[in-house]
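# An overview of the molecular structure
Each chain, letter by letter, is given below.
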Amino acid sequence: MPSGYIYSAGIHPWNAAEGDLRQLEQMLRHPDVKAVGEAGIDLLKGPPADVQIDVFRRQVALSEQSGKPVVVHCVKALQGLMALRSELKPVQPWIYHGFRGKPQMARQLVNAGMFVSFGSKFNEESVREIPSDRLLIETDDSEFQIEAVAALVASALKKSVGEVIRLCSSNLSRILDL
């Protein structure tokens, strides 16, 4: 891993059947690896849900052991995700990545104590549902630069791009203990 960057390491739900949890545990010891993930449940792609859920549970345990937050990938599995969160009662933050859902779902995530991260495609009403201390932005695999995503979110929130960047940077620094 090139130094000067921060990383997350996890077993994506699409790869849950072949993921190596021992290798992941070793990677989480690296000082530049600041989060676990993407980890989660995807009911549209990947191995059966029970396999994904088992691997996700184990990654949550690694998150708790390592003191690192989880970057959550969740597709068509919100109720299962919320049930796991309630059952596992994690101390480490969970970041719902690439959120595109409706405002009601956004409220549900926030009420469960999660952070919500938005990429270049999102529901503007949902962005407005997220308290400023729970908001994050991302580029994921899009061609957008982070400043472009910040501009889209800023427009939805009627804030300046600089304000959104400062806010999200502060939230990320707090989550990752930077």
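Up top you'll find the structure we're talking about.
Let me sum up the structure you'll find in this document. (Residues numbered from 1 in each chain as written. Predicted model: local features only at pLDDT ≥ 70, side-chain atom pairs only at ≥ 80, totals over all residues. Heavy atoms only, no water.)

### Regarding unusual backbone geometry
- That bond from glycine 37 to glutamate 38 is cis: its omega, 10°, falls within 30 degrees of zero.
- Its place among the elements puts glutamate 38 in strand β2 (residues 33-42).
- If you check the backbone angles, lysine 89 has positive phi at about 50° while not being a glycine.
- Along the polypeptide, lysine 89 turns up in the loop between α3 (78-88) and β4 (94-96).
- The exposure class assigned to lysine 89 is exposed, which follows from its relative accessible area of 61%.
- The phi dihedral of aspartate 177 is positive, around 55°, even though this residue is not glycine.
- Since its relative accessible area comes to 68%, aspartate 177 is described here as exposed. (Helix = DSSP H or I, 4+ residues; strand = E, 2+ residues; numbered from the N terminus. Buried < 20%, exposed > 50% of the residue type's maximum accessible area, 1.4 Å probe, protein only.)

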